[in-house]
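Chain by chain, the residues:
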Amino acid sequence: MNSKNQNVTTKIAVVLITSILLLSGCANFISLTSNKNNPKGSNITKNTTTDFSSDELTIYKISSDTFDSMLESNSFESIKNCFSEHYSYPKDGSRYITYNTAPFLITDDFVDFINDKSRLEEFFFKGDTDKKIDTLTVFEAPYVPVSVWLKTNKDTYFFTVNEENFSTETEYVYNLYTLSEYIEKYESKQFKLEINGNISSNDKLIKTYYQHSELPLLEILSACGSEITWKSKNQVSITINNETYLLDVKNNRLYQKHDKKNNILAGCNGGGPYNMYLSGEEYYVDSDTLQYVLLELGQKISIEYDTEQKVINIATK
């Protein structure tokens, strides 16, 4: 290659490298968009920078019972006295793990947005300049998305973050609710349970949260044709499709008799179900985990929620 061609090649390389650097620098900006008439569904495009913000953010995890109690009294200011655990940014890193074990990326821009009351007011209450935020709390409960409680000088509001399992590396989606709207959607309710058209044998009301519920695993397995045998106070034998599984109700483990390492209960929702517990001689699991377990055992069911009659209808297939 002659010297003239070498010079041309060098110049092209320099231009390309410079362009790449400029473009990468332009990637670190925030684009904030909102619907002026209705902030529900508004979103903020997030910065992917990994530098820590000078601001701090705490997300409090609370139990379902605590959530219901605080929602009823509208007293999330006292959350510091009754949380089960909490995440602090930047001390705990930039990845918050939700109750259903989904990773939630925390960025500087997200933290700055949450901590800036004037930006929140502009974003959610544009057009009502008299409405001012007095205090806020960021929290999460089982079956409830990451939420922010906003107490203003006029009313109480909540906004959720990516409530529809919206997962992306480029934006957050916020949904704003009044207190009554949020209660209607997320407060737990008591439903009756019907399996294949018959009232549940234990006649226990089922705690239900926005299209999620805590359901009796053993009774539903029996309806699917399983043979259920209590081997001890903590171990249940489940035989279905000529396979035998063992349920350890004390340690929340379900596995094939000859494969103790594979805990089927830990396979749903990325490795950690919402809620599992023993009540009498029944073992309850959340509806997502139930459907996952049944599929692993070669069964399939449908779950329908009749919100008017407050009945959960389960049909085995």
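Described in the following lines is the structure provided in the data block. (Residues numbered from 1 in each chain as written. Predicted model: local features only at pLDDT ≥ 70, side-chain atom pairs only at ≥ 80, totals over all residues. Heavy atoms only, no water.)

Overall, the coordinates contain eight salt bridges when judged by the stated rule. A salt bridge links Lys 151 to Glu 77, with the shortest nitrogen-to-oxygen separation between them at 3.8 Å. A residue pair is termed long-range when its members are at least 10 positions apart, and Lys 151 in strand 8 (residues 144-152) and Glu 77 in the loop between helix 2 (64-73) and strand 4 (85-89) qualify at 74 residues. Overall, Lys 151 belongs to the partly exposed group, its relative accessible area being 32%. Here Glu 121 and Lys 132 are joined by a salt bridge, their closest N and O atoms 4.0 Å apart. Here Lys 132 lies in the loop between helix 4 (117-124) and strand 7 (133-141) and Glu 121 lies in helix 4, a separation of eleven residues in the sequence. In this structure, a network of salt bridges that share partners links the residues Asp 128, Lys 131 and Lys 154. (Salt bridge = Lys/Arg side-chain N within 4 Å of Asp/Glu carboxyl O. Helix = DSSP H or I, 4+ residues; strand = E, 2+ residues; numbered from the N terminus. Buried < 20%, exposed > 50% of the residue type's maximum accessible area, 1.4 Å probe, protein only.)

Glancing now at helix 5 (residues 179-186). What helix 5 keeps buried is the set Tyr 182, Lys 185 and Tyr 186. Angular distribution of buried residues about the axis of helix 5 spans 75°; they occupy a single face of the element. Among the exposed residues of helix 5, those pointing more than 90 degrees away from its buried face are Ser 180 and Glu 184. In this structure, the buried residues of helix 5 make contact with helix 2, strand 7, strand 8, strand 9 (156-161), strand 10 (171-178) and strand 13 (206-209). (Arc of directions from axis to C-beta. Contact = heavy atoms within 4.5 Å.)

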